[in-house]
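Examining the three-dimensional arrangement
Letter by letter, the chains look like this.
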Amino acid sequence: MLGSKTRNAEKGNFAVGSIPSNILRMAGPMILAQLINVLYNMVDRMYIGRLAETGRLALTGIGICTPAISIIIAFANLCGMGGAPLFAQARGRGDDEEAGRIMGNAFVMLLFWGLVLIAVGYTICSPLLYWLGADEQTHFYAGQYFTVYLAGTLSVMISLGMNPFVNAQGSSGFGMLTVAIGAVINILLDPVFIFILNMGVQGAALATVLSQTVSAIWVLRFLTRPGTRVPLRRQNLKPQKRLVARITALGASGFMLSFTNSIVQMLYNTQLRDLGGTMYVSIMTIINSVREIVFSFVNGLTNGATPVIGYNYGAGKRERVRTSIRFVTLVSLSYCLLAWAMVQLFPQAFIRIFNNDPDLLALGTHCFRLYFAAIFAMSFQLTGQIVSHALGKAKTAMFFSLLRKVILVTPLIFILPHVGNLGADGILLSEPISNVIGGTACWLTMYFTVYRPLGKEAPAQKLSS
């Protein structure tokens, strides 16, 4: 057991070794985990989109549920993304007892918010789906999917919210398996439930719920097993106001990122439905799926960098923090430029993953090129925001969570359709415009408030958290 703890300690010490190696060691499994995690939603949509006769409407129904699912993810991020960087900083200072208390409080918060979401979700389910963009045709399919998905809310919250604490202990490989096991089960169960048992949309949701339940059990197994550097202990499950407040303050940026993303998805669906019809909502469902694929790499990279940056920040290693910022910026920008070129050159290849309808392909090609016109600029947004988040700068991270989605995208969705009779094209163009403005502002702010000041301070001086 002692040998196991020693290996875990060495593996989780990000203050030694090269920064690119540390980040890639953490990011490699996380990138794979992100790609696998995308399969949760993608596989459902791929199978549902190919149902005979009802495929496109059923696919649209699942897409309408996406903003509601994003709200569940938002609360998971509130606890997980709020607690894990504080956990990593405490470990960097050598205070494992405080780290354990932070993790225990985050777990209790996950349980509390999960139960609240289940109660609220079932209470307002039917009107909620109309608010999210459903019409009389698609409401039936959306309701079938969402009512089953809600039953697995606690499993979703635990698997997503506690996995960052596995990664923050240097066990990103185990964290990847948390996602991989659930995704494999989902892939195996989807065709059985959807086609063989003829459960359709409800079968897709049930497969997701069961797979997330297994993932939740898996992550709890790691956090409670002997040999874990900082285990989840019963005595740390008593809520402490100061820790709940700190977790909430830092997690608010991740929460607002997912929550505002949910609101924007709802606005996209309702505005596109009203201006262009359900075909546009179907296309938006596919766009969101492809967007998840594209950003899985960058999300994995930045998530892998978060514990490295947070640990070195807590340990007072300024130049290592600066090196991390340079590395993440360069790699994420290079990848996003490649992704931009692929989507612009081969949009139909991405659309055909979900549906082969000729009308959908024709209109979808045009919509894809508009929506993803400046996808490369998102690398600046994600890099700048994750640095603020990792260093515990909650207010800065919160501001840039709100800037792009709330301050920029939301008004543009309503304004641009009436500029030069752009109509639905104006709704889609709000995304690239916000990418450029929001991404540039976020990265430059991080550069002048974090990167440059860190280079001017004395290396031996202790950083304050």
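Residues numbered from 1 in each chain as written. Predicted model: local features only at pLDDT ≥ 70, side-chain atom pairs only at ≥ 80, totals over all residues. Heavy atoms only, no water.

This part is about the overall build of the protein. Scanning the protein from terminus to terminus reveals 17 helices and 0 strands. Overall, the protein is about 65 × 50 × 35 Å in size when its C-alpha atoms are taken along their principal axes. Per-residue burial for the protein yields a buried fraction of 58% across its 465 residues. Put simply, 83% of the contacts in the protein that link residues at least 6 apart link residues at least 24 apart. Carbon and sulfur atoms provide 67% of the accessible area of the protein, an area that totals close to 17600 Å². Of the charged side chains in the protein, 35 are positive and 18 negative; the average position of the first set lies 15 Å away from that of the second. (Helix = DSSP H or I, 4+ residues; strand = E, 2+ residues; numbered from the N terminus. Buried < 20%, exposed > 50% of the residue type's maximum accessible area, 1.4 Å probe, protein only. Contact = heavy atoms within 4.5 Å. Areas by Shrake-Rupley, 256 points an atom, 1.4 Å probe, with all protein chains shown as cover. Lys, Arg positive; Asp, Glu negative; His and termini not counted. Charge placed at Lys NZ, Arg CZ, Asp CG, Glu CD.)

The next point concerns the state of the cysteines. Applying the stated criterion across every chain, the model contains 0 disulfides. Not engaged in a disulfide, the cysteine Cys-336 finds its nearest cysteine sulfur in Cys-442; these two sulfurs lie 13 Å apart. Overall, the relative accessible area of 1% leaves Cys-336 in the buried class. (Disulfide = S-S within 2.5 Å.)

Before going further, it helps to spend a moment on the side chain of Asn-77. Here Asn-77 is to be found in helix α3 (residues 55–92). When its relative accessible area of 16% is taken as the criterion, Asn-77 is described as buried. Excluding residues that lie within four positions of it along the chain, Asn-77 makes contacts with Gly-82, Gly-251, Gly-254, Phe-255 and Ser-258.

Before going further, it helps to spend a moment on the packing of aromatic side chains. For the structure on display, the rule yields 19 aromatic pairs. Ring plane angle 15 degrees and centroid distance 5.5 Å describe the contact between Trp-443 and Tyr-447, whose orientation is recorded as stacked. Here the residue Trp-443 and the residue Tyr-447 both occupy positions in helix α17 (residues 424–456), the gap between them amounting to 4 residues, near one helical turn. Taken together, a centroid distance of 5.5 Å and an interplanar angle of 20 degrees make the contact between Tyr-447 and Tyr-451 stacked. With Tyr-447 and Tyr-451 both in helix α17 and 4 residues apart, this pair spans about one turn of that helix. (Phe/Tyr/Trp six-rings, centres within 6.5 Å; stacked < 30°, edge-to-face > 60°.)

Positionally, Val-409 belongs in helix α16 (residues 394–415). Given a relative accessible area of 0%, Val-409 falls into the buried group. Expressed as a C-alpha distance, the spacing of Val-409 and Thr-365, which sit 44 residues apart in the sequence, is 22 Å. Apart from residues lying up to four places away in sequence, Val-409 is in contact with Val-264, Tyr-268, Arg-404, Ser-430, Glu-431 and Ser-434.

Taken together, the side chains of Leu-338, Met-342, Leu-345 and Phe-346 present a nonpolar region at the surface, about 410 Å² in accessible area. By the secondary structure assignment, Phe-346 is in the loop between α12 (318–345) and α13 (347–351). Judged by its relative accessible area of 44%, Phe-346 falls in the partly exposed class. (Patch = residues over 30% accessible without salt bridge, like charges linked within 9 Å, V, L, I, M, F, W, Y side chains within 5 Å. Salt bridge = Lys/Arg side-chain N within 4 Å of Asp/Glu carboxyl O.)

So, about the confidence of the model for the protein. Across the protein, the average pLDDT comes to 87, with 94% of residues at 70 or higher. Averaged over each element, pLDDT in the protein is lowest for helix α1 (residues 2–11) (43) and highest for helix α4 (residues 96–123) (96). In this model, residues 1–10 is a region of pLDDT below 50 whose contacts with residues beyond four sequence positions or in other chains number 9 contacts. Note on residues 459–465: pLDDT under 50 across the span, and 17 contacts to partners over four residues away in sequence or across chains. (pLDDT = per-residue confidence, 0-100.)

The next point concerns the pattern of salt bridges. Under the defined criterion, the tally for this structure stands at 9 salt bridges. Among the ionic pairs, Arg-101 bridges to Glu-98, the shortest N-O distance being 2.9 Å. Here the residue Arg-101 and the residue Glu-98 both occupy positions in helix α4, the gap between them amounting to 3 residues, near one helical turn. For Arg-101, a relative accessible area of 24% translates into the label partly exposed. Judged by its relative accessible area of 7%, Glu-98 falls in the buried class. A salt bridge links Glu-431 to Arg-404, with the shortest nitrogen-to-oxygen separation between them at 3.1 Å. Taken together, the residues span a long stretch of sequence, with Glu-431 in helix α17 and Arg-404 in helix α16 at a distance of 27 residues. No difference in accessibility class separates Glu-431 from Arg-404, as the two residues are buried. Put simply, Glu-98, Arg-101, Arg-242 and Arg-246 are held in one network by salt bridges that share partners.

A few words on the environment of Leu-338. If you trace the backbone, Leu-338 turns up in helix α12. C-alpha of Leu-338 to C-alpha of Asn-186: the two residues are 152 residues apart in sequence and 30 Å apart in space.

Taken as a whole, the largest pocket encloses approximately 170 Å³ of empty space. Contributing to the lining of the largest pocket are Ala-68, Ile-71, Ile-72, Leu-117, Val-120, Gly-121, Ile-124, Leu-128, Phe-146, Leu-150 and Phe-259. Elements that contribute at least two residues to the lining of the largest pocket include exactly α3, α4 and α6 (136–150). Class assignment for the residues of the lining of the largest pocket results in 10 nonpolar, 1 polar and no charged. (1 Å grid on protein atoms, 1.4 Å probe; cavity = no way out; pocket = protein on both sides within 12 Å on 5 of 7 lines; lining within 4 Å. Points joined across faces, edges and corners; volume = space filled by probe spheres on them. Nonpolar A, V, L, I, M, F, W, Y, C, P; charged D, E, K, R; others polar.)

Our focus in this paragraph is helix α7 (residues 153–167). Given a rise of 1.5 Å per residue, 15 residues ought to cover 21 Å, and the 22 Å separating the end C-alpha atoms of α7 matches this to within 8%. Within α7, 12 of the 15 residues are buried, which leaves the element mostly enclosed by the surrounding structure. Every buried residue of α7 is listed here: Thr-153, Ser-155, Val-156, Met-157, Ile-158, Ser-159, Gly-161, Met-162, Asn-163, Phe-165, Val-166 and Asn-167. (Expected span 1.5 Å × (residues − 1).)

One can describe the packing of α7 onto helix α9 (residues 200–224) by two numbers: an axis separation of 8 Å at closest approach and a directional angle of 35 degrees. Crossing of α7 against α9: the hand is left-handed. Note on element contacts: α9 touches α7 through Gln-212, Thr-213, Ser-215, Ala-216, Val-219, Leu-220, Phe-222 and Leu-223, opposite Ser-155, Val-156, Ile-158, Ser-159, Met-162, Asn-163, Phe-165 and Val-166. (Axes fitted to C-alpha atoms, helices over the stretch in contact; angles between N-to-C directions. Left-handed = near helix turned anticlockwise from the far one by under 90°.)

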